[in-house]
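Structural overview for review
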Amino acid sequence: MKVLLCGEMDAAEMAVWRTALAAAMPEATWLDRDAAQSQANDVQAAVVANPAPGSLQGLPRLRLIQSLWAGVDRLLADRTLPAGVPIARMVDPAMSAAMAETALWAVLSLHRGFFAYAERQRRGVWRQHVQRRADELQVLVLGQGEMGRAAAARIAALGYRMAGWRRDGSPLPPLLARADIVVNLLPLTADTRGLLDARFFAALPPCASVVNLGRGAHVVDADLLAALDSGHLRHAVLDVFHVEPLPAGHPFWSHPRVTVLPHAAAATDPRSAAAVVAVNLRALRDGAAIVHLVDRRRAY
Ligand code: GLV
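Below, the structure is looked at part by part. Nothing here was measured: the structure is a model prediction, and the numbers come from that model.

1. Regarding the overall build of the chain
Within the chain one finds 11 helices and 11 strands. For a compact globule of 300 residues, the expected C-alpha radius of gyration is about 19 Å, and the chain comes in at 21 Å, within 12% of that figure. Principal axes of the C-alpha set define a box for the chain whose edges measure 65 × 40 × 35 Å. Taking all 300 residues of the chain together, the buried fraction comes to 48%. Sequence-distant contacts in the chain: of pairs separated by 6 or more residues, those separated by 24 or more amount to 65%. Summing over all exposed atoms, the chain offers an accessible surface of approximately 14,400 Å²; the carbon and sulfur share of this is 55%. Charge-centre separation for the chain: the mean point of 32 positive side chains lies 5 Å from the mean point of 27 negative side chains.

2. Points about the sheet that holds strand S9 (residues 208-212)
Sheet architecture is open: 6 strands sit in the order S7-S6-S8-S9-S10-S11, paired in parallel fashion. A single partner strand is all that each edge strand has here, and the edge strands are strand S7 (161-165) and strand S11 (258-260). Taken pair by pair, the neighbouring strands of this sheet meet at an average axis angle of 15°, ignoring direction. Of the strands in this sheet, strand S6 (138-142), strand S8 (181-184), S9, strand S10 (233-238) and S11 touch helix H4 (residues 93-112), which is tilted by about 160° from S8.

3. Points about the pattern of salt bridges
One pass over the full model with this rule turns up 15 salt bridges. For Glu27, the salt bridge identified is with Arg285, shortest N-O distance 3.1 Å. Linking Glu27 in the loop between helix H1 (11-24) and strand S2 (29-31) with Arg285 in helix H11 (residues 270-286), this pair joins segments that are 258 residues apart in sequence. Taking the relative accessible area as the measure of exposure, Glu27 reaches 38% and is therefore partly exposed. Arg285 sits in the partly exposed class, given a relative accessible area of 43%. For Arg167, the salt bridge identified is with Asp191, shortest N-O distance 3.4 Å.

4. Regarding the site of the ligand
Close contacts around the ligand come from Trp69, Ala70, Gly71, Met95, Arg215 and His263, and that covers them all. A distance of 2.7 Å separates an oxygen atom of the ligand from a polar backbone atom of Ala70. Within the backbone of Gly71, an N or O atom sits 2.7 Å from an oxygen atom of the ligand.

5. Focus: the nonpolar core
Leu140, Leu142, Phe200, Phe201, Leu204, Leu224 and Leu233 are the most contacted members of the largest nonpolar core, which totals 28 residues. Those elements that place two or more of their residues in this core are S6, S7, helix H7 (172-178), helix H8 (198-203), S9, helix H9 (221-229) and S10. Ranked by the residues each element gives to this core, the list is headed by H9, at 4 residues.

6. Examining the packing of H4 against helix H5 (residues 114-123)
Angle between the axes and distance between the axes: these two values describe a pair of packed helices. Viewed as axis vectors pointing N to C, H4 and H5 meet at an angle of 65°, and their least axial separation amounts to 5 Å. By the angle between their directions, the pair H4 and H5 is classed as roughly perpendicular. Contacts from Trp105, Ala106, Leu108, Ser109, Leu110 and Arg112 in H4 reach Phe114, Phe115 and Tyr117 in H5. Tallied by class, residues from the contact of H4 with H5 come to 7 nonpolar, 1 polar and 1 charged.

7. Considerations on a nonpolar patch on the surface
A grouping of Leu108, Phe114 and Leu158 is seen on the molecular surface, where their side chains present a nonpolar patch of about 240 Å² in accessible area. Within the secondary structure, Phe114 sits in helix H5.

8. Comments concerning H1
For H1, built from 14 residues, the straight-helix expectation of 20 Å at 1.5 Å per residue is met to within 8% by its first-to-last C-alpha distance of 20 Å. All of the buried residues along H1 are Met14, Trp17, Ala20 and Leu21. The arc that holds every buried residue of H1, seen down its axis, measures 135°, which confines them to one face. Away from the buried face of H1 by more than 90 degrees, exposed residues Ala11, Ala12, Thr19 and Ala23 are located. A side-chain oxygen of the first residue of H1 lies 3.2 Å from the backbone nitrogen of Ala12; this N-cap is Asp10.

9. Side note on the sheet that holds strand S5 (residues 87-88)
An order of S2-S1-S3-S4-S5 is seen for the 5 strands of this open sheet, with the pairing classed as parallel. Each edge of the sheet is formed by a strand with only one pairing partner; in this case those strands are S2 and S5. Judged from the 2 bridges that link them, strand S4 (residues 64-67) and S5 form a sheet pairing that is parallel. Of the residues in S5, the one forming a bridge with Ile65 is Ile87.

Thresholds, definitions, all that
- Residues numbered from 1 in each chain as written.
- Predicted model: local features only at pLDDT ≥ 70, side-chain atom pairs only at ≥ 80, totals over all residues.
- Heavy atoms only, no water.
- Helix = DSSP H or I, 4+ residues; strand = E, 2+ residues; numbered from the N terminus.
- Rg over C-alpha atoms; globule rule 2.2 N^0.38 Å.
- Buried < 20%, exposed > 50% of the residue type's maximum accessible area, 1.4 Å probe, protein only.
- Contact = heavy atoms within 4.5 Å.
- Areas by Shrake-Rupley, 256 points an atom, 1.4 Å probe, with all protein chains shown as cover.
- Lys, Arg positive; Asp, Glu negative; His and termini not counted.
- Charge placed at Lys NZ, Arg CZ, Asp CG, Glu CD.
- Pairing = 2+ DSSP bridges.
- Axes fitted to C-alpha atoms, helices over the stretch in contact; angles between N-to-C directions.
- Salt bridge = Lys/Arg side-chain N within 4 Å of Asp/Glu carboxyl O.
- Near = heavy atom within 4 Å.
- Polar contact = N/O pair within 3.5 Å; in protein donor to acceptor, adjacent residues only side chain to side chain.
- Core = buried A, V, L, I, M, F, W, Y, C linked by side-chain atoms within 4.5 Å.
- Parallel < 35°, antiparallel > 145°, perpendicular 65-115°, else oblique.
- Nonpolar A, V, L, I, M, F, W, Y, C, P; charged D, E, K, R; others polar.
- Patch = residues over 30% accessible without salt bridge, like charges linked within 9 Å, V, L, I, M, F, W, Y side chains within 5 Å.
- Expected span 1.5 Å × (residues − 1).
- Arc of directions from axis to C-beta.

Written out as structure tokens, the structure reads:
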């Protein structure tokens, strides 16, 4: 089977992926874009990491697009994506575990005030705050997919009161009204874009905190800054941004109550993800069921 491997990666990243994929599926022939173009009639699958728009055109026998990214919002934004070719997103157990660790770290740090202590250290301030028990805090996880569920299980295991929300589930405002910490792990779709806006923040109790591990476009930045500056929100932990890298001079960089991560909450791990890709490519070859298919209408 001939497989196109392409996407937004530098040469070193590409080499790591090629090695991992070739080890997981030695019977496949892995082609870069130039090679795929010259053998366009033979390419049956594409394994992609946010490829440049248009990259998947002109492949008449393409039968599967396998994303190396969990979130397929940027892939689906390519208007030239061949219609009717199934798309699978990445569900990498190592990535879900890493995301759960980051969510847990953020919740624990917010609960125990460790971000505030780090800020006090910079100012040379020795002052303790009141210590609360984990079961006195309500954590709300937005998104009930692989990562939302993995994060919720880890957080619940530490004794926090947990609630989960999915877009087609129970109404959000009553859950927000009780949440001390909100962790966003929703997919980015037309329905969830801008969900974390002024109304959303106003629905939270005073001194709640927000952790965004989804996509930057889930948040209305100006509304988040206003909610922090008014004192209504205590802290925001942000891993994802409208523009990445976060532009120099953006107020998030220097805000004392914003913690910035460089889209590092959970990377796809080539070692485990290559095995996931191989399962789907072999299923394609054998006419078996492809897993983790994207519903183009739902957009995740
Ligand atoms: C990372 O953000 C991903 O979607 O894989």
